[in-house]
Amino acid sequence: MTENKEEIIERAKDDINQSNLIMEYFIKNPKKEIKHPEIVDWVTEEYKKRTGKVFRDPDRGIRKLAQQGQLIKISKGVYKYDPDFVFNRELEDFSPAQKEEIFKRDNYKCVICGKGRADGIEIQADHIKPKELGGKAIMENGQTLCAQHNFQKKYYKQTETGKKMFIRLYELAKKNEDKNLINFCIEVLKVYEKMNINGHIIWKK
């Protein structure tokens, strides 16, 4: 059943109120690394007290605020609010001049697929280290991506995509008994483990 206008407006208000409630808790606990269960339990109970309604998906609300740069994601399921970071984050967008320099350096082509303006493809200046993780608006942290790969990076993350690729490559090398490729993949995946990167993606040796 489709929503009517009043229902859509009411749901939008709920989303805003829920986001405000999440931020209220983080603002009361600045620079504290807060795990999901702590904030979820509080906002669920508090939202019920204040509105008499059920807070349907606080996890999604927390993730959305992190994506917007209002919260900092420390690790999986752990976030914090830093007022200095939120203020300074607005200064970390690439200027038009920086974007042009990045495009020029990368020959106006996506560094992943090689397609660019000459092919009629939209290109974008991307932060290699995302702003929400402290990435700076400097040339060294910029790269040219086509619109498609920039979208994919935002949703699939480069390190996660890379680890999954090497796991698949490792499994294929084992199947083909390619010792050199097996050893190569092992060394790469060991670096992921050593640096504790994407530990939630399991590599079965």
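Fair warning: this is a prediction, and the values are worked out from it, not measured in the lab.

**Here's the deal with the sheet that holds strand 1 (residues 34-35)**
Here is step 1: If you trace the 3 strands from one edge of the open sheet to the other, you get 1-3-2, paired in antiparallel fashion. Among the strands making up the open sheet, the edge pair consists of strand 1 and strand 2 (72-75).
Here is step 2: By the bridge criterion, 2 bridges tie strand 1 to strand 3 (residues 78-80) in an arrangement that is antiparallel. Bridged to Lys35 within strand 3 is Val78.

**Remarks on the packing of helix 7 (residues 158-176) against helix 8 (residues 179-194)**
When two helices pack together, their arrangement is given by the angle between the helix axes and the distance between those axes.
Here is step 1: In the contact formed by helix 7 and helix 8, the axes pass within 9 Å of each other and the chain directions differ by 150°. When the axis of helix 7 is compared with that of helix 8, the two are roughly antiparallel. Relative to helix 8, helix 7 is oriented so that their crossing is left-handed. Contact residues: helix 7 offers Thr159, Gly162, Lys163, Phe166, Ile167, Leu169, Tyr170, Ala173 and Lys174, while helix 8 offers Leu181, Ile182, Phe184, Cys185, Ile186, Val188, Leu189 and Tyr192.
Here is step 2: Classifying every residue of the contact of helix 7 with helix 8 by side-chain character gives 13 nonpolar, 2 polar and 2 charged.

**What to know about unusual backbone geometry**
Here is step 1: Of note in this structure, Lys31 is not a glycine but carries a positive phi near 65°.
Here is step 2: The residue Lys31 is located in the loop between helix 1 (5-28) and strand 1 in this model.
Here is step 3: Residue class for Lys31 comes out partly exposed when judged on its relative accessible area of 47%.
Here is step 4: Phi angles above zero are rare outside glycine, and Tyr108 is one such case at about 55°.
Here is step 5: Note that Tyr108 resides in the loop between helix 5 (96-105) and strand 4 (123-127).

**Thoughts on the pattern of salt bridges**
Here is step 1: Enumeration over the complete set of coordinates arrives at 8 salt bridges.
Here is step 2: Notably, a salt bridge pairs Lys32 with Glu38, separated by 2.9 Å at the nearest N-O pair.
Here is step 3: By relative accessible area, which is 34% here, Lys32 ends up partly exposed.
Here is step 4: Note that Lys49 is salt-bridged to Glu45, the shortest N-O span being 3.7 Å. With Lys49 and Glu45 both in helix 2 (residues 36-51), this residue pair falls 4 residues apart, about one helical turn.
Here is step 5: A cluster of three or more residues bridged by salt bridges with shared partners is formed by Glu24, Lys28, Glu46 and Arg50.

**Let's talk about the confidence of the model for the protein chain**
Here is step 1: Put simply, the protein chain has an average pLDDT of 83, and 86% of its residues get 70 or more.
Here is step 2: With pLDDT under 50 throughout, residues 8-13 is counted as low confidence; its partners more than four residues away or in other chains account for 3 contacts.

**Regarding a nonpolar patch on the surface**
Here is step 1: Together, Val191, Met195 and Ile197 line one region of the surface with nonpolar side chains, adding up to about 270 Å² of accessible area.
Here is step 2: Along the chain, Met195 turns up in the segment after helix 8.
Here is step 3: Looking at Met195, the relative accessible area reads 52%, which means it is exposed.

**What to know about the environment of Asp106**
Here is step 1: Its place among the elements puts Asp106 in the loop between helix 5 and strand 4.
Here is step 2: We classify Asp106 as buried; its relative accessible area is 15%.
Here is step 3: Expressed as a C-alpha distance, the spacing of Asp106 and Thr144, which sit 38 residues apart in the sequence, is 6.4 Å.
Here is step 4: Setting aside chain neighbours within four positions, we find Asp106 in contact with Val111, Gln143 and Thr144.

**So, the side chain of Asn150**
Here is step 1: Counting through the fold element by element, Asn150 comes out in helix 6 (residues 147-156).
Here is step 2: Those residues in contact with Asn150 that lie beyond four places of it in its chain are Gln124, Asp126 and Leu145.

What counts and what doesn't
Residues numbered from 1 in each chain as written. Predicted model: local features only at pLDDT ≥ 70, side-chain atom pairs only at ≥ 80, totals over all residues. Heavy atoms only, no water. Pairing = 2+ DSSP bridges. Helix = DSSP H or I, 4+ residues; strand = E, 2+ residues; numbered from the N terminus. Axes fitted to C-alpha atoms, helices over the stretch in contact; angles between N-to-C directions. Parallel < 35°, antiparallel > 145°, perpendicular 65-115°, else oblique. Left-handed = near helix turned anticlockwise from the far one by under 90°. Contact = heavy atoms within 4.5 Å. Nonpolar A, V, L, I, M, F, W, Y, C, P; charged D, E, K, R; others polar. Buried < 20%, exposed > 50% of the residue type's maximum accessible area, 1.4 Å probe, protein only. Salt bridge = Lys/Arg side-chain N within 4 Å of Asp/Glu carboxyl O. pLDDT = per-residue confidence, 0-100. Patch = residues over 30% accessible without salt bridge, like charges linked within 9 Å, V, L, I, M, F, W, Y side chains within 5 Å. Areas by Shrake-Rupley, 256 points an atom, 1.4 Å probe, with all protein chains shown as cover.

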